[in-house]
Amino acid sequence: TEQTYIMIKPDGVQRGLVGQIIQRFEQKGFFLRGMKMMQVEKSHAEKHYADLSSKPFFGDLVDYMCSGPVVCMVWEGKEVVKTGRKIIGATNPLASEPGTIRGDFCIELGRNVIHGSDAVESAQHEIGLWFPEGVTNYEHTAKAWIYE
Ligand code: GTP
Ligand code: MG
């Protein structure tokens, strides 16, 4: 089944949004396979956002990601990459629809609370980067009540 990498950024942790963010993925029916909290090293943040290294905001982005602990998660389910991005909302929080995480909880690009993988291939790459130890593998017993 498809998996995605979701990360609550330091502002989301500091603002006490961890529970509400997890709830939105849980209530949809997605399945939590991995979760941990960590302080991110600069070199690791640079790797995660390597595609953006030429952008003018790259330095600020890396500083932001290292400004406090993050919560790292792997969520699983049908089309979870695309649907996870919908739950999160547009990159710029002022353009994110109300009802999305960014639409409901934040204002600025550089304080947009949460990360979500943008494609199945980047999800696989990011899960490997953030969970080199692997994730849990247990039976999702509610499956038959979520999928037909
Ligand atoms: P992520 O889920 O964090 O990867 O966001 P995204 O996929 O919606 O956007 P993208 O990958 O293009 O950018 C990564 C992150 O860089 C964004 O979530 C923002 O925090 C930050 N960012 C993107 N564009 C800008 C910008 O123009 N200015 C600033 N300050 N930050 C930006
Ligand atoms: Mg991105």
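Scoring rules and cut-offs
Residues numbered from 1 in each chain as written. Chains lettered and ligands numbered in written order. Predicted model: local features only at pLDDT ≥ 70, side-chain atom pairs only at ≥ 80, totals over all residues. Heavy atoms only, no water. Pairing = 2+ DSSP bridges. Helix = DSSP H or I, 4+ residues; strand = E, 2+ residues; numbered from the N terminus. Axes fitted to C-alpha atoms, helices over the stretch in contact; angles between N-to-C directions. Salt bridge = Lys/Arg side-chain N within 4 Å of Asp/Glu carboxyl O. Buried < 20%, exposed > 50% of the residue type's maximum accessible area, 1.4 Å probe, protein only. UniProt positions renumbered as here; feature names shortened; annotations may be inferred. Near = heavy atom within 4 Å. Polar contact = N/O pair within 3.5 Å; in protein donor to acceptor, adjacent residues only side chain to side chain. Areas by Shrake-Rupley, 256 points an atom, 1.4 Å probe, with all protein chains shown as cover. 1 Å grid on protein atoms, 1.4 Å probe; cavity = no way out; pocket = protein on both sides within 12 Å on 5 of 7 lines; lining within 4 Å. Sits in = over half its atoms within 2 Å of the grid points. Nonpolar A, V, L, I, M, F, W, Y, C, P; charged D, E, K, R; others polar. Core = buried A, V, L, I, M, F, W, Y, C linked by side-chain atoms within 4.5 Å. Contact = heavy atoms within 4.5 Å.

J.: When you look at the sheet that holds strand β3 (residues 70-76) in this model, what are you seeing that I'm missing?
T.: Note: strands within a sheet are paired through backbone hydrogen bonds, in either parallel or antiparallel orientation. In spatial order, the strands read β2-β3-β1-β4; together these four strands make up an open sheet with antiparallel pairing. Of all the strands in the sheet, the pair left with one neighbour each is β2 (31-38) and β4 (114-116). Strand-to-strand, the axes of this sheet are offset by a mean angle of 15 degrees, without reference to chain direction. In the sheet, strand β1 (residues 3-8) pairs with β3 via six bridges, with the strands oriented antiparallel. The residue bridging Gln3 from the neighbouring strand is Glu76, located in β3.

J.: Just to check I follow, could you spell out the pattern of salt bridges for this structure?
T.: Any two side chains of opposite charge can pair, given that their charged atoms come close. By the definition in use, this model includes four salt bridges. Salt-bridge contacts for Arg24 lead to Asp104; the nearest nitrogen and oxygen are separated by 2.9 Å. Here Asp104 lies in helix α6 (residues 101-105) and Arg24 lies in helix α2 (residues 18-28), a separation of 80 residues in the sequence. You can call Arg24 buried: its relative accessible area is 19%. For Asp104, a relative accessible area of 35% corresponds to the partly exposed category. The residue Glu76 makes a salt bridge to Arg33 at a minimum N-O spacing of 2.5 Å. Here Glu76, found in strand β3, pairs with Arg33, found in strand β2; they are 43 residues apart in sequence, far enough to count as distant. The class for Arg33 is buried, based on a relative accessible area of 9%.

J.: For this particular structure, what's the right way to read the UniProt feature "domain: Nucleoside diphosphate kinase-like" (unreviewed entry) in the protein chain?
T.: In the numbering used here, UniProt assigns the feature "domain: Nucleoside diphosphate kinase-like" (unreviewed entry) to residues 1-138. Summarising residues 1-138: 41% helix, 17% strand, and an end-to-end C-alpha distance of 13 Å.

J.: Quick question: what am I supposed to make of the site of ligand 1 here?
T.: The immediate surroundings of ligand 1 are formed by Lys9, Tyr49, Leu52, Phe57, Leu61, Arg85, Thr91, Arg102, Leu109, Asn112, His115 and Gly116. The separation between an oxygen atom of ligand 1 and a polar side-chain atom of Tyr49 is 2.5 Å. The contact in question runs from an oxygen atom of ligand 1 to an N or O atom on the side chain of Arg85, over 2.6 Å. Considered on its own, ligand 1 offers 600 Å² of accessible surface; in the complex 76% of this is hidden by protein. Under a 2 Å grid-point criterion requiring more than half of the atoms, the pocket assigned to ligand 1 is the largest pocket. Classifying every residue of the shell around ligand 1 gives five nonpolar, four polar and three charged.

J.: Help me understand the nonpolar core, please; the structure alone is not making it clear to me.
T.: Burial of nonpolar side chains together is a common tendency in soluble globular proteins. In terms of nonpolar packing, the biggest core is built from 20 residues, with Ile21, Phe25, Met73, Trp75, Ile101 and Ile114 touching the most fellow members. Listed by contribution, the elements that provide at least two residues to this core are β1, α2, β3, α5 (80-88) and α6. Once residues lying within four places of it in the same chain are set aside, the contact partners of Ile21 are Ile8, Ile101, Val113 and Ile114. Counting residues in hydrophobic clusters, the runner-up holds 18 residues, among them Ala45, Val62, Met65 and Val70.

J.: Help me understand the UniProt feature "binding site: ATP" (unreviewed entry) in the protein chain, please; the structure alone is not making it clear to me.
T.: The residues that UniProt annotates with the feature "binding site: ATP" (unreviewed entry) are Lys9, Phe57, Arg85, Thr91, Arg102 and Asn112. Looking only at the residues we just named, the largest pocket is lined by Lys9, Phe57, Arg85, Thr91, Arg102 and Asn112. If you trace the backbone, Thr91 turns up in the loop between α5 and α6. Note on placement: Arg102 falls in helix α6. The exposure class of Arg102 is buried, given its relative accessible area of 5%. In contact with Arg102, not counting residues within four places along its chain, are Lys9, Ile88, Gly89, Ala90, Thr91, Pro93, Ser96, Asn112, Ile114 and His115.

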